[in-house]
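Chain residues, written in single-letter form:
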Amino acid sequence: MPEQASAPARAGAARGRPEIVVVAGASAGVGRATVRRFARDGAHLGLLARGAERLGAAVREVEEAGGRAVAIPTDVSDPEAVEAAAARVEAELGPVDVWVNNAMATVYATVAEVAPDEFRRATEVTYLGSVWGTMSALRRMRPRDRGCIVQVGSALAYRGIPLQAAYCGAKHALQGFVESLRTELLHEGSNVHVTMVQLPALNTPQFSWARTKLARKPQPLPPIFQPEVAAEAIVWAARHRRRELHVGWPTVKTVAASKLAPGVADRYLARTGYESQQRAEPVEEGRQDNLFDPVSGDYGAHGEFDERSKARSLQLLLTRNREWLALAAGAGLAAAALLARDDA
């Protein structure tokens, strides 16, 4: 049978109210694109991020789409702040149907160059921020026995690459956390669904404001996709009971290579991984970064790589419709068998 939209995701609509969604890391990049995509469907949103200016801009976009949004400046590395944000969303908007953990912070540098406080900060935001968000969501969803938690992952949850040890380590940790939680929910017979969306390289502002110790400006590891591709996948995953969703052929190939030929991938990345993650331009002096404090300005969803970025993913279209494709393939084989028998 083709996958159906999950009961938790349909819960709000079934009771005649808008879907209530929390997006952590909502003010820019993938989070901002995801907010826009949910708003387009009429969802009401709780927006969590540190930058009040960008949160305000995101709220205006939701309202222009006809929805409601509450902006809550939140550092997701603080579990008490995340819990307070969750309580405020439910008090102002209603019971949360979907919680999206998307916040991240990182450092572009070799392991030897990253200071302990930088490793700690990247881990507390990217990994523990998702843990705290998940725990706040579960406190509300488990008693109601419904809801969906979407963890925004990466191909780098399976394959570490040079110059991104802080981020890769956090995403690997999140992958293990999700697997443990999933088994616990299955043991309970819970209807709360947890899924992880593994993303490819994306054209987001993080390459303009993430901390870097490289001589040249960082860039996504090509090929690059627009953040709307990720947003479409996240919204779809929130409404279908898929265990995990891999987005883009680069993600599929990366995951496969990490399992089938990890040593080959090691050597390939050692040769190519430094150059492919840096542009020709040097890093400007006095560059601001958002590792410990948000930077000013509204960066929106897109980064600086529009001309090099893909606006859609054929692989995502296929994987979203894999059951229909399997049925069609099965019907085709059956028809071919009948024709062969009749012609015999």
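Residues numbered from 1 in each chain as written. Predicted model: local features only at pLDDT ≥ 70, side-chain atom pairs only at ≥ 80, totals over all residues. Heavy atoms only, no water.

*Asks:* What am I meant to see in the packing of helix H2 (residues 29–40) against helix H3 (residues 52–64) here?
*Replies:* Helix-helix packing is described using two parameters, namely the angle between the two axes and the distance between the axes. The contact between H2 and H3 brings their axes to 9 Å, and the two run at 20 degrees. Judged on the interaxial angle alone, H3 and H2 are roughly parallel. Handedness of the H2/H3 crossing: right-handed. Along the contact surface, H2 presents Arg32, Val35, Arg36 and Ala39, while H3 presents Arg54, Ala57, Ala58, Glu61 and Val62. A class-by-class count of the residues in the contact of H2 with H3 yields five nonpolar, no polar and four charged. (Axes fitted to C-alpha atoms, helices over the stretch in contact; angles between N-to-C directions. Helix = DSSP H or I, 4+ residues; strand = E, 2+ residues; numbered from the N terminus. Parallel < 35°, antiparallel > 145°, perpendicular 65-115°, else oblique. Left-handed = near helix turned anticlockwise from the far one by under 90°. Contact = heavy atoms within 4.5 Å. Nonpolar A, V, L, I, M, F, W, Y, C, P; charged D, E, K, R; others polar.)

*Asks:* When you look at the sheet that holds strand S3 (residues 69–73) in this model, what are you seeing that I'm missing?
*Replies:* Picture the strands of a sheet paired through backbone hydrogen bonds; they go either parallel or antiparallel. The parallel open sheet is built from seven strands, whose spatial order is S3-S2-S1-S4-S6-S7-S12. Taken across any chain shown, the strands that pair with only one partner, and hence form the sheet edges, are S3 and strand S12 (244–246). Taken over all neighbouring pairs, the strand axes of this sheet differ in orientation by 15 degrees on average, direction set aside. Sheet topology note: the strand S7 (residues 193–199)/S12 ladder contains three bridges and is parallel. In the sheet register, Gln198 faces S12, and the bridge partner there is His246. (Pairing = 2+ DSSP bridges.)

In short, geometric facts, not functional conclusions.
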